[in-house]
Amino acid sequence: MIAASWICLFSPAAAVVVLALAGNRVTRRQAGLVTSGSVLVSFLCAAYVFGRLLTEDPEERTHASTLWTWLSAGDLRVGAEIWIDPLSVFMMLVVAGVGFLIVSYATGYMRDDDEERRYHAYKALFVFSMLLLVMAGNLLLLLAGWGMVGLSSYLLINFWWRRPQAVHAGKKAFILNAFGDATFVLALFLLVQQIGALDFGTVFSQAPGRIEEGSAVAVLIALGLLGGAVAKSAQVPLHTWLPDAMEGPTPVSALIHAATMVTAGVYLIARTNVLFELAPIVHDTAAVLGAVTILLAGLVALVQTDIKRVIAYSTMSQIGYMFVAVGLGAYGAGMFHLMTHAFFKALLFMTAGIVIHALAAEQDIRRMGGLGRELPLTYRLFLIGALSLAAIPPFSGFFSKDSILSSAIDAGALGISMWVFGILGATLTALYTFRLLFIVFFGRQDPYVKEHLHKERFEGRLAMVWPCVILAVLASVAGWLQVPGGWAAVDTWLDPTVESIPEATGGLLVFSVAASIVAALLGVTLAWKLYGARGEAPQRLRARFPQVATLLERKFYFDELYDRLFYAPASWLALVLQRRVERPFVLGSPEEVGEGTRSLARRVALTQSGLLRLYALAVASGLGVLVVVFLVVE
Amino acid sequence: VLGPGITAYLVLSAILFATGIVGVLMRRSPLIVLLALELMLNGGNLALIAFARQHGEGAGQIFALTVMVVAAAEVVIGLGLVVAMHRRKLALDVDEMTTLRG
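Quick notes on the rules
Residues numbered from 1 in each chain as written. Chains lettered and ligands numbered in written order. Predicted model: local features only at pLDDT ≥ 70, side-chain atom pairs only at ≥ 80, totals over all residues. Heavy atoms only, no water. Helix = DSSP H or I, 4+ residues; strand = E, 2+ residues; numbered from the N terminus. Contact = heavy atoms within 4.5 Å. Areas by Shrake-Rupley, 256 points an atom, 1.4 Å probe, with all protein chains shown as cover. Lys, Arg positive; Asp, Glu negative; His and termini not counted. Charge placed at Lys NZ, Arg CZ, Asp CG, Glu CD. Phe/Tyr/Trp six-rings, centres within 6.5 Å; stacked < 30°, edge-to-face > 60°. Buried < 20%, exposed > 50% of the residue type's maximum accessible area, 1.4 Å probe, protein only. Pairing = 2+ DSSP bridges. Buried area = accessible area lost by both parts, 1.4 Å probe. Salt bridge = Lys/Arg side-chain N within 4 Å of Asp/Glu carboxyl O. Polar contact = N/O pair within 3.5 Å; in protein donor to acceptor, adjacent residues only side chain to side chain. Nonpolar A, V, L, I, M, F, W, Y, C, P; charged D, E, K, R; others polar. Patch = residues over 30% accessible without salt bridge, like charges linked within 9 Å, V, L, I, M, F, W, Y side chains within 5 Å. Axes fitted to C-alpha atoms, helices over the stretch in contact; angles between N-to-C directions. Parallel < 35°, antiparallel > 145°, perpendicular 65-115°, else oblique. Left-handed = near helix turned anticlockwise from the far one by under 90°. Core = buried A, V, L, I, M, F, W, Y, C linked by side-chain atoms within 4.5 Å.

Focus on the overall build of chain A
Check the secondary structure of chain A and you find 28 helices and two strands. For chain A, restricting intrachain contacts to residue pairs at least 6 apart in sequence, the fraction spanning at least 24 positions comes to 80%. Accessible surface for chain A amounts to roughly 26,400 Å². Of this, 66% is attributable to carbon and sulfur atoms. With 46 positive and 44 negative side-chain charges, chain A shows a separation of 12 Å between the mean positions of the two kinds.

Listed below in structure tokens is the structure:
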């Protein structure tokens, strides 16, 4: 089982090495097969490990394996070790499973791209990094995976490096993530100082004894970890990179910026729940940030006109739900939503990718419309994703979202306010999701569609369609794993690692579920009234509340604010330093030094007259001076 | 110790040395400069031998012998240079030899 885990981890790494060394010697098609094959191997290994864990006693399901001491400094020893427990296996299955489907989809989506091989190599690098992140047995190795997913995300966002926006978006993502990485590192420093170890076993068993609950140190550690989680998971206030990251190819958006990497923050909080529970105030902050993100992102999604950006804002909003869950201690519900979200959001991105492909790379929804008749299969797949995202029973999103909401409603005053945010968010989710659906697939066709629509067999390429079908099936049925008031397979599976707070029962549960269904249906109805039925309602609304519309279209001015606060002063400082320091001093100094040496040499050279007797005189007078000095000293 | 005291020897040595210095500094003919140099060396030698005699030790005499060997070698090279200069029809004047001026 341990061997299978290591194979699971290193199989994509091997693919990276092969692709990097092979270069042009493999064909583009083979490159895609190498990557998808390696991820399939990972998934099969993860499934095998899962099966083996199932046969074991629930309390004995934690295994660690160390290959070698990776780093040692003083008493601190950090090994290259993996940690196999229900939580990491859960993440391995999601990452490798959804990863395999998306990588297969990408072999179709990226076919005929100029640099297809580079793309597949990066993708394999990403899967390896993500597996490293979820399988790492200590926080330092986790941080290594954390940094490497940031790197591969950066490389893939600006994969189309000829587009300036893509390069800009890549840098933005990298810098905001680096901020989170930095706070993460600071938290690790504090842990090393307090506990002297970083491996999960030691840290989680000793932290409650060595770090006082609610003390400044506990708060700082949790804050550092939260900073990393918030940046990686694009939560307010470090969220501005995610919408821009949509410049990357669509499969990248599906895999990295929807299904796996951006949920790493949720995994981190669940994994280090011991440390968060030592700092209740930070733990609550995570939930509050999540709740704020649900609403902010949901509102902004209402006015976006780029099909991928709408889905990106929806991703932020859904991760907000997960943050609410793990922030309140409902880890099982959070991880459950992480899984169903991976299914339906990857499905939405990939069907959006089929639409974009069919329309010659157009992403603006104002130039779509009426595609339901032209692309019936894509429409149905998208509809399943949308129903799941909008939490309409019996699709998976309904169960996972209700798992979160019914945990929140029974979790004290904070929980109830989070629940209110969640219900408001549910209406918003349904509204923006079905706005997208109605605008893209219903109504009159834009002239652009008539001109550019080209369908392939199966509407997209076969390699693009079959992963979508599998994901659609998963998005439809995965919800039955955990039914509010019925059974809770995910909670039960994760309980040995992270114990979740109980869900509400009885009348409260019925109320919560009913409220969420009503909220979702309300959103769908509203979307139909506004965007489904042909009418001028959206324009009228916009004309009536122009400030609100501008506020939303400008995404609450976060970008402008950060520009003013950080970018503008930094670039001003850089300009001043360039003018006042670099040009006169740094660039000027070599010339100055050279010129000074030369003029000094010119003066010294005057003494070198070539007159032998002058030299002799110099020697003689030097001798005379020495004689005088010796005589005087004597 | 028989003969005059060390002072007389040292005075003679100083006179020789000073004559040498003046010769090296004042004369322009390389032959004379070499000659004056030889005078300086011998002034030094005389002082060394005088001290050796005063202290009754051999070390000073050994130094003097070494200086003579070096002086002989130096004269060989110096006179060789003078002959070479003569053959190339260069003026025998040290002030004219200023090729190494900076």
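On we go.
What about the packing of aromatic side chains?
All names here are of chain A. A complete count under the given rule lists 23 aromatic pairs over all chains for this structure. Taking the centre distance of 5.8 Å and the plane angle of 20° together, the rings of Y105 and Y109 count as stacked. Of this pair, Y105 and Y109 both sit in helix 3 (residues 86-109), four residues apart, which is roughly one turn of the helix. Of the two residues, Y105 and Y109, neither departs from the other in class, the shared state being buried.

So, the pairing of strand 2 (residues 76-84) of chain A
All names here are of chain A. Here strand 2 lies mainly inside the structure; eight of its nine residues are buried. In terms of strand pairing, strand 1 (residues 63-73) meets strand 2 through eight bridges, oriented antiparallel. Along strand 2, the bridge assignment pairs A64 with W83.

So, the interface of chain A and chain B
Contacts between the two partners involve 11 residues from chain A, matched on the other side by 13 residues from chain B. Regarding the contact of chain A and chain B, the summed buried area is about 940 Å², with carbon and sulfur atoms giving 63% of it. Three residues, A:G610, A:L611 and A:R613, lead the burial of chain A against chain B; their summed loss comes to 50% of the area buried on that side. For A:R613, the salt bridge is made with B:D95, and the minimal N-O distance between the two is 2.7 Å. Linking chain A to chain B there are three residue pairs in polar contact (both at pLDDT 80 or more). By residue number, the principal contributor to the side of chain A that touches chain B is helix 28 (residues 612-633) of chain A, which donates six residues. Looking at side-chain class alone, the side of chain A that touches chain B contains seven nonpolar, three polar and one charged residues.

Focus: a nonpolar patch on the surface
Taken together, the side chains of A:W572, A:L573, A:L577, A:V581, A:F585 and A:V586 present a nonpolar region at the surface, about 620 Å² in accessible area. Relative to the helices and strands, A:V586 is located in helix 26 (residues 558-587).

Structural notes on the pattern of salt bridges
Residue and element names in this part refer to chain A. For the structure on display, the rule yields 14 salt bridges over all chains. One salt bridge connects E553 with R542, and the closest N-O pair in it is separated by 2.9 Å. Taken as a pair, E553 in helix 25 (residues 546-553) and R542 in helix 24 (residues 537-544) lie far apart in primary sequence, 11 residues in all. Overall, E553 belongs to the partly exposed group, its relative accessible area being 34%.

Some details on the packing of helix 6 (residues 164-195) of chain A against helix 8 (residues 216-232) of chain A
Residues and elements named next belong to chain A. Relative orientation of the contacting elements helix 6 and helix 8 amounts to 155°, with a least axis distance of 7 Å. Regarding the angle of helix 6 to helix 8, the classification is roughly antiparallel. Helix-helix and strand crossings are classified by hand; for helix 6 and helix 8 the assignment is left-handed. Facing L176, N177, G180, D181, T183, F184, A187, L190, L191 and Q194 of helix 6, the residues of helix 8 in contact are V217, L220, I221, G224, L225, G227, G228, A231 and K232. When its residues are assigned to classes, the contact of helix 6 with helix 8 shows 10 nonpolar, seven polar and two charged.

As for the nonpolar core
Residue and element names in this part refer to chain A. Counting 190 residues, the largest nonpolar core has M130, L142, L191 and M335 as the members making the most contacts within it. With 18 residues, helix 15 (residues 331-358) is the single largest residue contributor to this core. Here M335 is in contact with L87, F90, M91, V266, Y267, A270 and L494, once residues within four sequence places are set aside. Listed in part, the 20 residues of the second largest apolar core include V324, A325, L328 and W419.

As for unusual backbone geometry
Residue and element names in this part refer to chain A. A cis amide bond links V236 to the next residue, P237, at an omega of 10°. Assignment of secondary structure puts P237 in the loop between helix 8 and helix 9 (241-244). With an omega of 5°, the peptide bond between P393 and P394 qualifies as cis. Relative to the assigned elements, P394 resides in the loop between helix 17 (376-389) and helix 18 (396-408). Of note in this structure, A391 is not a glycine but carries a positive phi near 60°.

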